[in-house]
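# Inside the fold
For reference, the chains in residue letters:
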Amino acid sequence: EEKRRKEEQEKAARASGTTQGSQPAAGQQSSKTDDRLWTTKYAPTSLNMLCGNKTQVEKLQTWLRNWRRSAKANFKLPGKDGSGLYRAVMIHGPPGIGKTTAAHLIARLEGYDVVEANASDTRNKKLLEEGLTGVLDTTSIQGYFSGAGKRVDPEKKKLVLIMYEVDGMSAGDRGGVGALASVAKKTQIPLILICNDRRLPKMKPFDHIVYELPFRRPTPDRIRARLTTICYREGLKIPPPVLDSLIEGTGSDIRQVINMLSTVKLDQNTLDFDQGKELSKAWEKHIILKPWDI
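Residues numbered from 1 in each chain as written. Predicted model: local features only at pLDDT ≥ 70, side-chain atom pairs only at ≥ 80, totals over all residues. Heavy atoms only, no water.

## Here we look at the sheet that holds strand S1 (residues 88-92)
For the record, the criterion: Pairing between strands requires that DSSP locate at least two bridges from one strand to the other. Per the convention used, a helix needs a DSSP run of H or I reaching at least four residues, while a strand needs a run of E reaching at least two, with both numbered from the N terminus. In this description, a line fitted to the C-alpha atoms serves as the axis of each element, helices being fitted only across the stretch in contact, and the angle between N-to-C directions of two axes falls anywhere from 0 to 180 degrees.
Strand order across the open sheet formed by 5 strands is S2-S3-S4-S1-S5, with parallel pairing between neighbours. In this open sheet, the two edge strands, each paired with only one partner strand, are strand S2 (113-118) and strand S5 (211-214). Taken pair by pair, the neighbouring strands of this sheet meet at an average axis angle of 20°, ignoring direction. Two elements, S1 and S5, share 4 bridges in a ladder whose sense is parallel.

Right, dumping it as structure tokens:
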């Protein structure tokens, strides 16, 4: 009975020339194409969609949620995990494993508006050297970023500053690193610093000043599960062994594998093992393992 009724509804919809309310099947293109990068299109929108580092992400959320309370206590109350003593947090780990994604997601979930900066660009070095070593507050941030051609709505009072590539400051630019460490000690808004290699000698000024959150590479199983979902939604047929070889070839860099898959989708819908090996070889990252990594 239900099947017959469904067939009648479909006939009626075809007759009227509309199929409103129907969803496109997996792999089908909807009338409106989505041209966004896959890394943007499939960015996690909830904590359970993040691959790995669950404990660290939860610590980041606790730190940001309690930031204002900690500020009122002048960062003298450590809290359960000691995060209440810090005005700034340092997220560090290999590239492409979700450090920036986690920072943006937590900021959004906690109701903060994000202001972004790249620590390794010259304008920011100059800014730090010229005296942002004072108090970084909402007003100074609005003045600086409007000057950089980025609009910051003056109505937005709940801001968090995310600064990338902190380890990208040149080795000779010790003053810049020191200035940023001074900012981390005095900032009046939450400051999230992101870097790949925390153990570099030039990163020493941040010791005991920032709340350390080391991120690790997620397990291949977690990454494969996420990639399988993306492949299904995009109508891309890739066997699990091929996905595993791509994950291994990139050193578990989720961002890079997703970019690889989007490149494959441009001219084909399937990828066999040999093609996967070739692709993995072409995009291969040469990673030097240091003793601590091993």
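So much for the structure itself; the text now carries on.
## Remarks on the pairing of S1
How we decide: The buried label applies to any residue whose accessible area, calculated with a 1.4 Å probe on protein chains only, is under 20% of its type's maximum; exposed applies above 50%, and partly exposed to all values in between.
With 5 of its 5 residues buried, S1 lies for the most part within the structure. Side chains Ala 88, Met 90 and His 92 project from S1 onto one buried face, and the interleaved Val 89 and Ile 91 project onto a second face that is buried too. The sheet contact formed by S1 and strand S4 (residues 191-195) spans 5 bridges and is parallel. Across the sheet, residue Ile 91 finds its bridge partner in S4, namely Ile 194.

## Notes on unusual backbone geometry
Positive phi values are uncommon outside glycine, yet Asn 53 reaches one of about 55°. Looking at where Asn 53 falls in the secondary structure, it is placed in the loop between helix H2 (38-41) and helix H3 (54-65). Owing to a relative accessible area of 14%, Asn 53 belongs among the buried residues under this scheme. Backbone geometry at Asn 74 places phi at a positive 55°, although glycine is not the residue there. Along the chain, Asn 74 turns up in the loop between helix H4 (67-72) and S1. On the basis of relative accessible area, Asn 74 is assigned to the partly exposed category, the value being 42%.

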